[in-house]
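# Structural features, examined
Read off the chains here:
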Amino acid sequence: MEQFIVLICYAISIIELILDVCVLPISVLNFYLIFKTSIIHINLRWLLICQCSGVTIYAVASIVDMSIKLSENQIFEAPNKFAIITRVFGLLVCTQIGIFLTIERVIATLVVRRYEKYRKPFIAVFSFTIIIPMSIITSYGEGTKGIRTYTQMESYTVLLAYGCTVTNLAAYLILIFLNYYNTNAYKRRIFTSNSHSLTERYQMSENIRTSRQLSPSLLLHFITNLIGQVLTLVGYYQLVTDEGLLWLLYVFTLSVNGIAYFFIQLTVIQCHPFLRRQAVQMLRKLCVIKSKIYSLSSTSESRNTVMLGISGNTLITANEREADTHFQMLSQFWHKK
């Protein structure tokens, strides 16, 4: 039984490493597209950048930690302090960001007439003042213990896990309601009266797009929080005392996080038409550049190809004088015959 658990842990660890490697380029692409665009409101843009940063930090820490463990064949060794702190920090940033994304969308819906003109990132700054300090304090506290003392976590960690799970579920349900409300309002064309400006029409359509964009992300955030909550309760109440099973739950949770973060970053691009179009255009440009480089290299190789005879000597030399001498010798040999 123990050997089977060890094999399962190794298999899941390899899967987790592959998932984290896949998450990293998509997260970087997402970061670039969101940072570059101006069509998304500045508050939402900075919150999405914060989400990308959290996913990137988590993925990098997981890749480094798991690569070292697999290379040294020691996946059951506790991660070092820095790896735990960075991984938990990225995890907590992603865990809390969904709540503030929903708050920003609620404000955008309530003040739809003026929100597009309001270009100050006060909502994002307020969110960062809560997310970053709480993530630093909690990650540092957990980093001093490690997985081997996972059952000795503090009560505030359990309360934080409870709070994040409940609030992420509430955030997802609220966002679903906002999508329903904005879609119906748009279909009824309530903005056709004189009291509704073109800016309000645009903001309402943008609210619909962003609600559809963020709904899959918030659902995945809730799933990761729920699974993390289960692991937290197992550790806090010591429901599992076997170290092998505890490690199995731990690596399984990390793998679920990797899958969730991969699809979070993917759906942020896929579910927003502008970001999706920009991503497709960028990939097409990269493919065109790659094909041009390949064609240029093939052309240069064909030009530099030198024809050889049976003896291995060049049939045509690069020097023009030597080439003339070569053909004169051939002509003399022909006339002698």
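Being a predicted model, the structure only gives us computed values, none of them experimental. (Residues numbered from 1 in each chain as written. Predicted model: local features only at pLDDT ≥ 70, side-chain atom pairs only at ≥ 80, totals over all residues. Heavy atoms only, no water.)

## Quick word on the UniProt feature "transmembrane region" (unreviewed entry) in the chain
The residues that UniProt annotates with the feature "transmembrane region" (unreviewed entry) are residues 12-34, 46-64, 84-101, 122-140, 160-181, 218-239 and 245-269. Taken end to end, residues 160-181 is 100% helix and 0% strand, and its first and last C-alpha atoms sit 31 Å apart. Along residues 245-269, the helical share is 100% and the strand share 0%, with 37 Å between the first and last C-alpha atoms. (UniProt positions renumbered as here; feature names shortened; annotations may be inferred. Helix = DSSP H or I, 4+ residues; strand = E, 2+ residues; numbered from the N terminus.)

## Structural notes on the nonpolar core
Core analysis: the largest hydrophobic core is formed by 25 residues, its most contacted members being Ile34, Leu44, Leu48, Ile97, Leu101, Leu214 and Leu275. Looking at this core, the elements with two or more residues in it are α1 (2-36), α2 (42-72), α3 (81-110), α5 (155-188), α6 (198-236), α7 (243-270) and α8 (273-303). Those residues in contact with Ile34 that sit more than four places away from it in its chain are Arg45, Leu48, Ile49, Cys52, Val268 and Leu275. (Core = buried A, V, L, I, M, F, W, Y, C linked by side-chain atoms within 4.5 Å. Buried < 20%, exposed > 50% of the residue type's maximum accessible area, 1.4 Å probe, protein only. Contact = heavy atoms within 4.5 Å.)

## Things to note about the environment of Leu254
For Leu254, the location among the structural elements is in helix α7. Exposure remark for Leu254: the relative accessible area of 5% places this residue in the buried category. When the C-alpha positions of Leu254 and Ile227 are compared, they lie 9.8 Å apart, and in sequence the two are 27 residues distant. Among residues more than four places away in sequence, those in contact with Leu254 are Glu16, Tyr58 and Arg87.

## Thoughts on the packing of aromatic side chains
Here the distance between the centres and the angle between the planes together describe a pair of aromatic rings. Within the structure shown, the criterion is met by 4 aromatic pairs. Ring centres 5.2 Å apart and planes at 85 degrees place the aromatic pair Tyr58 and Tyr261 in the edge-to-face group. Of this pair, Tyr58 sits in helix α2 while Tyr261 sits in helix α7, and the two are 203 residues apart along the sequence. Here the two residues Tyr58 and Tyr261 agree in accessibility, since each one is buried. Here the aromatic rings of Phe262 and Phe263 are separated by 5.2 Å at their centres, their planes lie at 85 degrees, and the arrangement is edge-to-face. On the basis of relative accessibility, which here comes to 39%, the residue Phe263 falls in the partly exposed class. Taken together, Phe31, Phe35 and Trp46 form an aromatic cluster joined through their ring pairs. (Phe/Tyr/Trp six-rings, centres within 6.5 Å; stacked < 30°, edge-to-face > 60°.)

## Some words on the pattern of salt bridges
One pass over the full model with this rule turns up 4 salt bridges. Between Lys69 and Asp65 there is a salt bridge, and its shortest N-O distance comes to 3.6 Å. Taken as a pair, Lys69 and Asp65 lie in helix α2 at a separation of 4 residues, close to a single helical turn. We classify Lys69 as buried; its relative accessible area is 6%. For Asp65, a relative accessible area of 5% gives the class buried. The shortest N-O distance in the salt bridge between Arg87 and Asp65 comes to 3.4 Å. A residue pair is termed long-range when its members are at least 10 positions apart, and Arg87 in helix α3 and Asp65 in helix α2 qualify at 22 residues. Residue classification places Arg87 among the buried positions, given a relative accessible area of 5%. (Salt bridge = Lys/Arg side-chain N within 4 Å of Asp/Glu carboxyl O.)

## Overview of the packing of α3 against α7
At a minimum axis distance of 13 Å, the contact between α3 and α7 shows a crossing angle of 50 degrees. Compared by their axis directions, α3 and α7 come out oblique. In the packing of α3 onto α7, the handedness of the crossing is left-handed. Contacts between α3 and α7 involve Arg87, Leu91 and Cys94 on the former and, on the latter, Tyr250, Leu254, Asn257 and Tyr261. Here the contact of α3 with α7 is built from residues that sort into 5 nonpolar, 1 polar and 1 charged. (Axes fitted to C-alpha atoms, helices over the stretch in contact; angles between N-to-C directions. Parallel < 35°, antiparallel > 145°, perpendicular 65-115°, else oblique. Left-handed = near helix turned anticlockwise from the far one by under 90°. Nonpolar A, V, L, I, M, F, W, Y, C, P; charged D, E, K, R; others polar.)

## A few points about the packing of α2 against α3
The axes of two packed helices give the description: the angle between them and the distance between them. The geometry of α2 relative to α3 is characterised by a closest axis approach of 8 Å and an angle of 160 degrees between their N-to-C directions. It follows that α2 is roughly antiparallel to α3 by the angle criterion. Crossing handedness for the pair α2 and α3: left-handed. Class assignment for the residues of the contact of α2 with α3 results in 16 nonpolar, 6 polar and 4 charged.

## Overview of the environment of Leu246
In this structure, Leu246 sits in helix α7. Residue classification places Leu246 among the buried positions, given a relative accessible area of 10%. Sequence-wise, Leu246 and Val234 are 12 residues apart; in three dimensions their C-alpha atoms are separated by 8.6 Å.

## Focus on the environment of Ser13
Tracing the chain through its elements places Ser13 in helix α1. Judged by its relative accessible area of 0%, Ser13 falls in the buried class. Taking the C-alpha atoms as reference points, Ser13 and Val251, 238 residues apart in sequence, are found 6.3 Å from one another. In this structure Ser13 touches Met66, Leu70, Ile75 and Val251, once residues within four positions along its chain are discounted. A distance of 2.6 Å separates the side chain of Ser13 from the backbone oxygen of Cys9, its partner in a polar contact. (Polar contact = N/O pair within 3.5 Å; in protein donor to acceptor, adjacent residues only side chain to side chain.)

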